[in-house]
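Observations on chain architecture
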Amino acid sequence: MFGFILGIILMLAGIITCIAMIVYDRDNAGAAVGILLAGIIVGGISIFFGCTASVPTGHTGVVTVFGRVEDKTFEAGFHTKAPWESVQKIDNRVQRATIELSCFSSDLQEVSCKYVVAYQINKKNAPELYKTIGLAYYDTAIDPATAESVKTIMAHYTAEELIGNRDNLAKEIESMLGEQLAQYNIELVSTAIADLDFTDAFTNAVEAKQVAQQNKLKAEIEQAQAVKQAEADAVVAQTKAEADASISKIKAEADAEIAKIQAQADLEATKIQADAAEYAGQKEAAKNKAINESLSGDLLNYYYLQQWDGKLPETYIGSENVSTIVGLEK
């Protein structure tokens, strides 16, 4: 609007100046024409810019008339408009902000938090956003809503829970913050807890507790290992004793079986030997019987003569009727 009015004024000033110079100073008619042209050109340029608007990429142009927000908007690009219309440019790109806060846990531990927020203004919501909170929407809505959400949710957790439940903490903060920003037609894209920092005293206490827990866990593990080892040794000892007993039993049974087999073998051998002796005796008896039955006087004299060396004996034993040397008749 200002450019349009300025252009009209410049054009009128050029025309009036030109007419006055022609009327009162005809010798400077050429200069008057120059002033007229300059006024028309400068005024025309001013009017041109007053009737056009350029919206950069990633932005939405919100059209207002004397401060009243109109229903129409301009997309990115070059647009013509009425001289009385103004265009407010709102960034629709995803914007990122890092907010540093000082909070307290439920057990009154001080916590320093660095929270990252990514947000975006929807094109459809741009006129309503400008109507309700204007262009300073970060300072008006995003920063205080983020601080309130983070501090409120953190106050529900103890300091130790803040460390151990960081994922749940982030989800609860994001849920609460998203609801609050939606009231201002601001879309929450993502959030992140970039850093949580505690006081030195609390940090030292946590470290001492962690060390104690680790030592306790180590002792429990060592005790469990000792118990397992003792149980294993007992099982090994029991197994060895059972194995030794089993081996002794098997050896005794084997020795008994061997003795039984040996006794059986000795019995069989004795029986065989007895049978052999009986057979030998029977054989000898049969032989003697056969010899005895076959002996005669002549045969006996024959065997005797076969053994005689031709010398007569010097001593005779027998009756007077014996007339033979060795069983020989007279």
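Scroll up a little and you will see the structure.
I will try to describe carefully the structure that is included in this document. Quantities reported herein were computed from a predicted structural model and do not represent experimental measurements. (Residues numbered from 1 in each chain as written. Predicted model: local features only at pLDDT ≥ 70, side-chain atom pairs only at ≥ 80, totals over all residues. Heavy atoms only, no water.)

1. Comments concerning the overall build of the protein
Each helix and strand in the protein was counted, giving 8 helices and 8 strands. Across the 330 residues that make up the protein, the buried fraction comes to 24%. The long-range fraction of contacts in the protein, counting pairs at least 24 apart against all pairs at least 6 apart in sequence, stands at 66%. Carbon together with sulfur atoms contributes 58% to the accessible area of the protein, which is approximately 22500 Å² in total. (Helix = DSSP H or I, 4+ residues; strand = E, 2+ residues; numbered from the N terminus. Buried < 20%, exposed > 50% of the residue type's maximum accessible area, 1.4 Å probe, protein only. Contact = heavy atoms within 4.5 Å. Areas by Shrake-Rupley, 256 points an atom, 1.4 Å probe, with all protein chains shown as cover.)

2. Let's talk about the environment of Thr 57
For Thr 57, the position within the fold is in the loop between strand E1 (52-55) and strand E2 (59-65). Judged by its relative accessible area of 68%, Thr 57 is exposed. A C-alpha to C-alpha distance of 8.8 Å links Thr 57 and Asp 91, two positions 34 residues apart in sequence.

3. Section: the side chain of Gln 180
Structurally, Gln 180 can be placed in helix H6 (residues 166-182). Once you skip the residues sitting within four places of it in the chain, Gln 180 turns out to touch Ala 145, Glu 148 and Ser 149.

4. Brief notes about the sheet that holds strand E8 (residues 187-198)
In space, the 3 strands of this open sheet follow the order E6-E7-E8, with antiparallel pairing throughout. Looking at the sheet topology across the chains shown, the edges are occupied by strand E6 (95-104) and E8. The mean inter-strand angle of the sheet, taken between neighbouring strand axes irrespective of direction, is 20°. For E6 and strand E7 (residues 110-120), the ladder comprises 10 bridges, and the chain directions are antiparallel. Residue pairing across strands places Cys 103 opposite Val 111, the latter belonging to E7. Where helix H4 (residues 137-154) meets the sheet, it contacts E6, E7 and E8, and its direction lies at approximately 40° from that of E6. This element, H6, spans E7 and E8 of the sheet and lies at about 135° to E8. (Pairing = 2+ DSSP bridges. Axes fitted to C-alpha atoms, helices over the stretch in contact; angles between N-to-C directions.)

5. Some remarks on the pairing of E2
Most of E2 sits out of view: 7 of its 7 residues are buried. Of the two faces of E2, the one holding His 59, Gly 61, Val 63 and Val 65 and the one holding Thr 60, Val 62 and Thr 64 are both buried throughout. Pairing of E2 with strand E5 (residues 85-91) involves 7 bridges; the strand directions are antiparallel. Bridge pairing in E5 places Val 62 opposite Gln 88. Judged from the 4 bridges that link them, E2 and strand E3 (residues 68-74) form a sheet pairing that is antiparallel. From the neighbouring strand, Thr 64 faces E3, where its bridge partner is Val 69. Taking the residues between adjacent antiparallel strands as the criterion, E2 and E3 are bridged by 2 residues, where Phe 66 takes a positive phi near 50°.

6. Section: the nonpolar core
Core analysis: the largest hydrophobic core is formed by 38 residues, its most contacted members being Tyr 115, Tyr 137, Val 150, Met 154, Leu 169, Ile 186 and Leu 196. For this core, the secondary structure elements donating two or more residues are E6, E7, helix H3 (126-132), H4, helix H5 (159-164), H6 and E8. Considering each element in turn, this core owes the most residues, 8 residues, to H4. Among residues more than four places away in sequence, those in contact with Tyr 137 are Ile 90, Asp 91, Gln 95, Tyr 119, Ile 121, Leu 129, Ile 142 and Ile 186. In this structure, Val 55, Val 63, Phe 74 and Val 87 belong to the second largest nonpolar core, which totals 5 residues. (Core = buried A, V, L, I, M, F, W, Y, C linked by side-chain atoms within 4.5 Å.)

7. Points about the environment of Leu 101
Along the chain, Leu 101 falls in strand E6. Given the relative accessible area of 12%, Leu 101 is considered buried. With 46 residues separating them in the primary sequence, Leu 101 and Ala 147 have C-alpha atoms 6.9 Å apart. Leave out the neighbours within four places in its chain, and Leu 101 touches Val 111, Ser 112, Cys 113, Thr 146, Ala 147 and Val 150.

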